[in-house]
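Examination of the molecular architecture
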Amino acid sequence: MPSTEKEAYGLKILTNNHPDIRRLRRQTGTPNIHGNKFWKSTLVLMDYLCEFPPPKAGKDKPLRVLEIGCGWGLAGIYCAKEFGAELTSLDADDSVFPYLEHHAALNGVKVTTWKCRYEKIRKVDLENFDVMIGADICFWDEMVAPLYNLTRRAAQAGVRVVMTDPGRPTFSAMASQCEAKLAALHEAWSVPPPYNTSGFVMDYDPMGQ
Ligand SMILES: C[S@@+](CC[C@H](N)C(=O)[O-])C[C@H]1O[C@@H](n2cnc3c(N)ncnc32)[C@H](O)[C@@H]1O
């Protein structure tokens with residue numbers, strides 16, 4: 001395998017130096033709210049979902065997954081590939097979508113894109129999903145309250161929420177609030193070799209409440 005390509009959890013992931021990614025950067029520009037690469041919290045999210053998967057999708061009723069702050073969107077792509085999920089990937093910055101779509105095609109899955117700020121997602125929108133996921137999306141102080149409020153709206157809509165993070169104080173503040181007020185789980189998570197990374201998980205599961 002070339003050094004500009006990796007494999008993780010059954011997915012092909014290109015690095016920033018891969019010729020396809022360099023071409024996309026030339027054609028479409030560089031994402032500007034940190035959606036410019038694959039972030040390692042996605043490995044934490046994939047590993048956690050591998051251990052605690054969502055209920056299996058039925059043929060008539062596929063699992064509906066919303067990835068928020070998707071960037072290159074590998075966590076959602078993992079859900080589409082591994083759980084047969086119908087995937088919607090949301091980001092405030094639409095310049096991430098060519099990178100997401102390229103990885104979706106590379107891994108043989110379909111994705112619907114949605115340009116939106118996550119704080120604008122309404123309860124009625126959440127009713128169209130079973131699971132909402134997000135990796136490394138709580139990195140500024142002003143993201144703490146909107147992500148807690150969004151999790152609360154998801155809880156009201158009966159949607160499971162799983163978010164991961166490398167361990168930023170902002171994520172800890174948000175996840176601690178979800179733990180205290182919504183009885184969500186908030187814990188450290190280590191990803192085994194060969195990935196050797198770790199982080200934190202917040203999991204609000206309406207089935208476990
Ligand atoms: C650090 S990157 C993480 C990307 C991806 N989840 C990953 O783990 O590789 C943060 C992503 O969140 C997006 N983002 C930041 N603020 C947002 C908001 N308010 N609503 C939706 N997306 C947002 C950025 O555009 C970026 O793609």
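Below is a short write-up of the structure. (Residues numbered from 1 in each chain as written. Predicted model: local features only at pLDDT ≥ 70, side-chain atom pairs only at ≥ 80, totals over all residues. Heavy atoms only, no water.)

1. So, the pattern of salt bridges
- Counted by the stated rule, this structure contains six salt bridges.
- A salt bridge links Arg 117 to Glu 119, with the shortest nitrogen-to-oxygen separation between them at 3.2 Å.
- Residue Arg 117 is classed as partly exposed on the basis of its relative accessible area of 44%.
- Arg 122 is paired through a salt bridge with Asp 125; the nearest N and O atoms lie 2.9 Å apart.
- Overall, Asp 125 belongs to the buried group, its relative accessible area being 14%. (Salt bridge = Lys/Arg side-chain N within 4 Å of Asp/Glu carboxyl O. Buried < 20%, exposed > 50% of the residue type's maximum accessible area, 1.4 Å probe, protein only.)

2. What to know about the site of the ligand
- Neighbouring the ligand are 24 residues, the closest being Thr 42, Gly 69, Asp 91, Tyr 118 and Ala 135.
- Between the ligand and the protein, one listed contact pairs an oxygen atom with a side-chain N or O atom of Thr 42 at 2.8 Å.
- In the environment of the ligand, an oxygen atom lies 3.5 Å from a nitrogen or oxygen atom belonging to the backbone of Gly 71.
- Contact with the protein chains covers 99% of the free accessible surface of the ligand, which is 600 Å².
- The residue makeup of the shell around the ligand, split by class, is twelve nonpolar, five polar and seven charged. (Near = heavy atom within 4 Å. Polar contact = N/O pair within 3.5 Å; in protein donor to acceptor, adjacent residues only side chain to side chain. Areas by Shrake-Rupley, 256 points an atom, 1.4 Å probe, with all protein chains shown as cover. Nonpolar A, V, L, I, M, F, W, Y, C, P; charged D, E, K, R; others polar.)

3. Notes on the pairing of strand E9 (residues 197-204)
- Counting buried residues in E9 gives six out of eight residues, a clear majority hidden from the surface.
- Pairing between strand E7 (residues 160-165) and E9: five bridges, direction antiparallel. Counterpart to Thr 164 in the pairing with E9 is Val 201.
- When strand E8 (residues 185-191) meets E9, the two strands line up antiparallel, connected through seven bridges. What sits directly across from Val 191, in E9, is Thr 197. (Helix = DSSP H or I, 4+ residues; strand = E, 2+ residues; numbered from the N terminus. Pairing = 2+ DSSP bridges.)

4. Regarding the packing of aromatic side chains
- Scanning the entire structure with this criterion turns up eight aromatic pairs.
- Consider the rings of Tyr 9 and Tyr 78, whose centres lie 6.2 Å apart with planes at 85 degrees: the pair is edge-to-face. Note that Tyr 9 is positioned in the loop between strand E1 (5-8) and strand E2 (11-14) and Tyr 78 in helix H3 (residues 74-83), a separation of 69 residues in sequence. Exposure class is identical for Tyr 9 and Tyr 78. Each is buried.
- Here the aromatic rings of Tyr 9 and Tyr 195 are separated by 4.9 Å at their centres, their planes lie at 25 degrees, and the arrangement is stacked. Separated by 186 residues along the polypeptide, Tyr 9 in the loop between E1 and E2 and Tyr 195 in the loop between E8 and E9 bring together distant segments of the chain.
- According to the relative accessible area criterion, Tyr 195 is partly exposed, its value standing at 25%.
- Counting every residue linked through ring pairs, the aromatic cluster contains Tyr 9, Tyr 78, Phe 83 and Tyr 195. (Phe/Tyr/Trp six-rings, centres within 6.5 Å; stacked < 30°, edge-to-face > 60°.)

5. Thoughts on the sheet that holds strand E5 (residues 112-115)
- In space, the seven strands of this open sheet follow the order E5-E4-E3-E6-E7-E9-E8, with mixed pairing throughout. The open sheet has two edge strands, E5 and E8, and neither has a second partner. On average, each strand axis in the sheet is inclined to that of its neighbour by 20 degrees, with strand direction left out of account.
- Its contacts with the sheet put helix H2 (residues 41-51) on strand E6 (131-135), E7, E8 and E9, and the angle it makes with E8 is roughly 105 degrees.
- Helix-sheet contacts for helix H7 (residues 169-182) involve E7, E8 and E9, and the interaxial angle to E9 is about 35 degrees. (Axes fitted to C-alpha atoms, helices over the stretch in contact; angles between N-to-C directions. Contact = heavy atoms within 4.5 Å.)

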